[in-house]
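This is what each chain is made of:
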Amino acid sequence: MADEGRTSSSCAEVRDLLPAYALDSLEMGPATQVREHLKECPDCRAESAELIAAVAALAEQVDPVPPPP
Amino acid sequence: MAMVQAIEDLAGDELQDTDAQLMWRLRSRDEDALGELYDRHAALAFGLALRMVRDRAAAEEVVQDTFLTLWRQAANYRPDRASCRSWICTIVRSRAIDRLRRSASKEARDGQLAEDLAGLCDTWQLADESLRAQAVHQAVEGLPREQRQVLELAYFLGLSQAEISERTGAPLGTVKGRTRLALQHLRSALASATQLEEVEP
């Protein structure tokens, strides 16, 4: 249990970081911390999935531009 | 344009595969399906890529890369969880950020993107595209100016929280708080727009 490298973050800590994580806007350290937690926590994973989808919806603000053929 | 739309409406479902059906065909390595998805979504992808990387040649590469990724990741697609459109927007943005941030390792980001796609869940997704765009516009415009700015800097410029703090002069904790509030607002606005759509056919 007391595996040094695996001090898992609490859900509360991770929830705070998830919005920035979904935006791909976290620094490397906290991003790794979130990723490790998500591997083990289905609840936070579900929350993260929805936030990532909300981020995807931000693309709707952009006008479509046909790419060159 | 209206004419084309009218003809497509008349043609109905039996002639035009839905995005989900096309994704299914993609899984069985049907290249025509990739072409159809490209015809449908390339303008969205190019528009977003261009806004982010601000260079036509680079944006074209992002779009090529996006549809290649879609092809490779198709086996992980679950139509009951996510729309193809959300997938495409997520891939475009990740690929554009790869170009904006040269430092991060491509392999690590590839793995991350694959996980994000497999998990992506947008069951709130509005069926009607114009309603969806409208809901997003309203949600973003309804944000306080500071929150909107943080969202723009993170989403379109691909800035990290620390970089946003540096650029705006706001403390890091404040930036994180604004990011959190902005995304939570966006998510609940989209969720309630979806409920409205279900109530009012």
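Residues numbered from 1 in each chain as written. Chains lettered and ligands numbered in written order. Predicted model: local features only at pLDDT ≥ 70, side-chain atom pairs only at ≥ 80, totals over all residues. Heavy atoms only, no water.

## A short note on the state of the cysteines
Residue and element names in this part refer to chain B.
So, step 1. By the definition in use, this model includes zero disulfides over all chains.
So, step 2. With no disulfide of its own, Cys84 lies 9.3 Å from the sulfur of Cys89, the closest cysteine sulfur.
So, step 3. Classification of Cys84 by relative accessible area gives buried; the value is 2%.
So, step 4. Residue Cys89 is classed as buried on the basis of its relative accessible area of 3%. (Disulfide = S-S within 2.5 Å. Buried < 20%, exposed > 50% of the residue type's maximum accessible area, 1.4 Å probe, protein only.)

## A look at the interface of chain A and chain B
So, step 1. Contacts between the two partners involve 33 residues from chain A, matched on the other side by 50 residues from chain B.
So, step 2. Both sides together, the interface formed by chain A and chain B hides about 3,600 Å², and carbon and sulfur atoms give 64% of it.
So, step 3. By the criterion of area lost to chain B, the three top residues of chain A are Leu23, Glu60 and Gln61 of chain A, representing 18% of everything that side buries.
So, step 4. For the interface between chain A and chain B, the tally reads six salt bridges.
So, step 5. For Glu60 of chain A, the salt bridge goes to Arg85 of chain B, with nearest N and O atoms at 2.9 Å.
So, step 6. Elements that contribute at least two residues to the side of chain A that touches chain B include exactly helix H1 (11-22) and helix H3 (42-57) of chain A.
So, step 7. Ranked by residues supplied to the side of chain A that touches chain B, first place goes to H3 of chain A with 10 residues.
So, step 8. Looking at the side of chain A that touches chain B residue by residue, the classes come out as 23 nonpolar, two polar and eight charged. (Contact = heavy atoms within 4.5 Å. Buried area = accessible area lost by both parts, 1.4 Å probe. Salt bridge = Lys/Arg side-chain N within 4 Å of Asp/Glu carboxyl O. Helix = DSSP H or I, 4+ residues; strand = E, 2+ residues; numbered from the N terminus. Nonpolar A, V, L, I, M, F, W, Y, C, P; charged D, E, K, R; others polar.)

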